[in-house]
Amino acid sequence: MQQWTGAHAGITPDRTISSVDLFCGRREIGIEHHGAYYRLKITRQGKLILNK
């Protein structure tokens, strides 16, 4: 797993979840946050995009 670097150096997240565990073989998941719905997608290049 890659370590936090740059602007995130010295900051430890409360919880780390592997994208493999988060997506469970899917390419897109939905996230509900304070009544708003977001989509988290894995691109063809393997990057993550979050859309509202």
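Please refer to the structure higher up on the page.
This is a predicted model, so every value here is computed, not measured.

**Some details on the pairing of strand β3 (residues 48-51)**
Here is step 1: With four bridges joining them, strand β2 (residues 36-42) and β3 adopt antiparallel strand pairing. Of the residues in β3, the one forming a bridge with L40 is L50.
Here is step 2: A loop of five residues connects β2 with β3, the two strands running antiparallel in sequence, and G46 in this loop sits at a positive phi of about 85°.

**Remarks on the pattern of salt bridges**
Here is step 1: Per the stated rule, a full pass over the model turns up one salt bridge.
Here is step 2: A salt bridge links R39 to E28; its shortest N-O distance comes to 3.7 Å. With R39 in strand β2 and E28 in strand β1 (residues 28-33), this pair connects stretches of sequence that are eleven residues apart.
Here is step 3: A relative accessible area of 35% means that E28 is categorised as partly exposed.

**Concerning the environment of N51**
Here is step 1: Tracing the chain through its elements places N51 in strand β3.
Here is step 2: In this structure, the C-alpha to C-alpha distance between N51 and I31, residues 20 residues apart in sequence, is 9.9 Å.
Here is step 3: Residues contacting N51, with those up to four places away along its chain left out, are Y37, Y38, R39 and K41.

The rules behind these values
- Residues numbered from 1 in each chain as written.
- Predicted model: local features only at pLDDT ≥ 70, side-chain atom pairs only at ≥ 80, totals over all residues.
- Heavy atoms only, no water.
- Pairing = 2+ DSSP bridges.
- Helix = DSSP H or I, 4+ residues; strand = E, 2+ residues; numbered from the N terminus.
- Salt bridge = Lys/Arg side-chain N within 4 Å of Asp/Glu carboxyl O.
- Buried < 20%, exposed > 50% of the residue type's maximum accessible area, 1.4 Å probe, protein only.
- Contact = heavy atoms within 4.5 Å.

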